[in-house]
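# Summary of structural features
This is what each chain is made of:
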Amino acid sequence: MTIKREARRVAKPVVLIAEELSPATLEALGPEFDVVNCDGADRGQLLAALAKGVDAVLIRSATKMDSEAIAAAKGLKVIARAGVGLDNVDIPAATAAGIMVVNAPTSNIVSAAELAISLLLASARFISPANAALRNGKWARSKFTGAELFEKTLGIVGFGRIGQLVASRMQAFGMNVIAYDPYLQPARAAQLGVKLVDLDELLKTSDFITIHLPKTKETANLIGAEALKKVKPAVRIVNAARGGVLDEAALYDAIKEGRVAGAGLDVYVTEPCTDSPLFALDQVVATPHLGASTDEAQERAGIAVAVSVRKALAGELVPDAVNVKGGVIHEDIRPSLPLVEKMSGIATELLGELPVNIDVSVKGEISVHDASILAISALKGALLAVGAEEVTYVNAPGLAAERGMVSAVTNTAECHEYRSMITLRATTGTGKAMSIDGTLMGIKQVQKIVAIDSFHLDLPPTDNILFIRYIDRPGIIGIVGQTLGEAKVNIAAMQVARSKAGGTALMVLTVDSHVSEDIVAKVKRDTEADYVHSVFLEDK
């Protein structure tokens, strides 16, 4: 009997366009996809479209991909945000569902920098109130006497990519530029002709201040009432980054009392914001969050996420993936990615500052494979350890370069201790260095730290870990145990390694809860330790 078989038709992946995107976005997607559309702001339409089954959804800011939408989506593999912010995407829910989330973090940096400069110029020359007065029939030249930028000092708070673009453009205006960024190496700033200073010095010496920071627990109201007591009365402040970094109530009081000359605002603590006391002040120029609102930025964002969707659905390394590690990486190397991240994070924590150089040595059986991706793992781990946000395998090299960091991988066939092992050596700009050895054990590839400098360990790098380096003498274990016990911190496991009896010792404890700074300080004082570090490693 002859069996006739029908040719199998492979369905094209389905991409849902939930908001209006540029024609260039569709061109970048290409003909390999079935494209469907819906109004993502209409909740019913969105949920119905997702329930039909789509492989990817492209959104902007009006579509909320929350846990409900993610649960409704059948077969969804990628959420692509044609822009920077991801406030409308539930990233943990997407990650739990195995859905990749991508955005276009560099699409609007030029537009955002140019808007900040526009606000700075408009504030300096009273453009907005002068325009309004003239439209109302008033020729008020004497009322709107402004200030020149030439030979003035511009203080940039947050010296990342947008801050650096602002700096280069304002240097062309003849401005002296200083910056505050605790995570940037001074050498990198010096290359750009900018002096890094602390925040107090920036506040006291700047004639103009522009903010380019994300809003976090650390940066919320960073420029608040106390900070505004330190500025020059002639200062003008621009915030086109995130609402809430600049305290709007404190700013209003400072302007009304003559302690700040003016401000330019594009972002607000609550948005949309249409009713603020600041809007009644001639000294304030305000726009409704227009940082990314240019045709060029929108087109770049659409093209960038379209390319990301193509790569994601093809199983390739994805630019700008914020929650998924991807890429064509040998299966024997993949388990080492999170291990190296954690090793780098531990080294950064124990060194107490960001390394400028990280060398990764891959030894033993896995050394026959291309392990170059581990250099990015090392950079990513160090950046996360100092609080950098949304670090991915694609943006980590750029973020590291901004901070003067480099990383490299070498492969060595020889490995006496284990079948395979990785040694990470981190060095800071001040000359401090640390070496950490790690390996993956058994069929389950269990992560282990097996040495820190000359101290041999058998440490699973997970959860809360307390590191204590001290001079070996009787009673130290008891002191540490009593202190943690009184603080209700449960010890899960403990290891002690030492150079020799009476020499330097390293105690490592895995504990069930966070160890506060007060407890760390007490342990350090009572044990006379060289250092005590509490490290939290989120299991990746």
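As shown above, the structure is provided for reference.
Residues numbered from 1 in each chain as written. Predicted model: local features only at pLDDT ≥ 70, side-chain atom pairs only at ≥ 80, totals over all residues. Heavy atoms only, no water.

### Concerning the sheet that holds strand β16 (residues 433-441)
Put simply, the rule is: Strand pairing is defined by DSSP finding a minimum of two bridges between the two strands. Only DSSP runs of H or I covering at least 4 residues are called helices, and only runs of E covering at least 2 are called strands; the numbering of each starts at the N terminus. Each axis is a line fitted through C-alpha atoms, and for a helix only the stretch in contact is used; angles between axes span 0 to 180 degrees, taken between their N-to-C directions.
The 6 strands are arranged β14-β13-β15-β16-β17-β18 in an open sheet whose pairing can be described as mixed. Where the open sheet ends on each side, the last strands, each with one partner, are β14 (406-412) and β18 (455-459). Averaged over all pairs of adjacent strands, the angle between their axes in this sheet comes to 20 degrees, without regard to strand direction. Strand direction decides the pairing type here: strand β17 (residues 446-452) and β18, joined by 3 bridges, are antiparallel. Counterpart to Ile452 in the pairing with β18 is Phe455.

### Some remarks on the environment of Ala48
Stated formally: Working definition: with a 1.4 Å probe on protein chains only, accessible area under 20% of the residue-type maximum means buried, over 50% means exposed, and in between means partly exposed.
Take Ala48: it is sitting in helix α2 (residues 43-51). Residue class for Ala48 comes out partly exposed when judged on its relative accessible area of 39%.

### A word on the pairing of strand β11 (residues 262-265)
This is how it is decided: Here the term right-handed applies to a crossover when the path leading from its first strand over the helix to its second strand runs clockwise, the strands being oriented away from the viewer.
Side chains Gly262 and Gly264 project from β11 onto one buried face, and the interleaved Ala263 and Leu265 project onto a second face that is buried too. In the sheet, strand β10 (residues 236-239) pairs with β11 via 4 bridges, with the strands oriented parallel. Opposite Val238, over in β11, you have Gly264 as the bridge partner. The parallel pair β10 and β11, bridged by helix α11 (residues 248-256), forms a crossover whose chirality is right-handed. Strand direction decides the pairing type here: β11 and strand β12 (residues 284-286), joined by 3 bridges, are parallel. Looking at the pairing, Ala263 lines up with Val284 of β12.

### Here we look at unusual backbone geometry
Across the junction of Glu271 and Pro272, the peptide omega takes the value 0 degrees, indicating a cis bond. With respect to the helices and strands, Pro272 occurs in the loop between β11 and β12. For Glu151, which is not glycine, the phi torsion reads 65 degrees and is therefore positive. If you trace the backbone, Glu151 turns up in the loop between α6 (127-135) and β6 (153-157). The phi dihedral of Lys488 is positive, around 65 degrees, even though this residue is not glycine. By relative accessible area, which is 74% here, Lys488 ends up exposed.

### What to know about the packing of helix α13 (residues 336-351) against helix α14 (residues 373-385)
Keep this limit in mind: When an angle is under 35 degrees it counts as roughly parallel; over 145 it counts as roughly antiparallel; between 65 and 115 it counts as roughly perpendicular; any other value is oblique. Each crossing is labelled by how the near helix is turned from the far one, with a counterclockwise turn of less than a right angle marking it left-handed and a clockwise turn marking it right-handed. Contacts: residue pairs with any heavy atoms within 4.5 Å of one another.
One way to put it is that α13 packs onto α14 with a least axis distance of 7 Å and a crossing angle of 45 degrees. The orientation of α13 relative to α14 falls into the category oblique. Crossing of α13 against α14: the hand is right-handed. Within the contact between the two elements, α13 uses Ser336, Leu337, Val340, Glu341, Ser344, Gly345, Thr348 and Glu349 and α14 uses Ile373, Leu374, Ser377, Ala378, Lys380, Gly381, Ala382, Leu384 and Ala385.

Remember that the coordinates give geometry; whether it matters functionally is a separate question.
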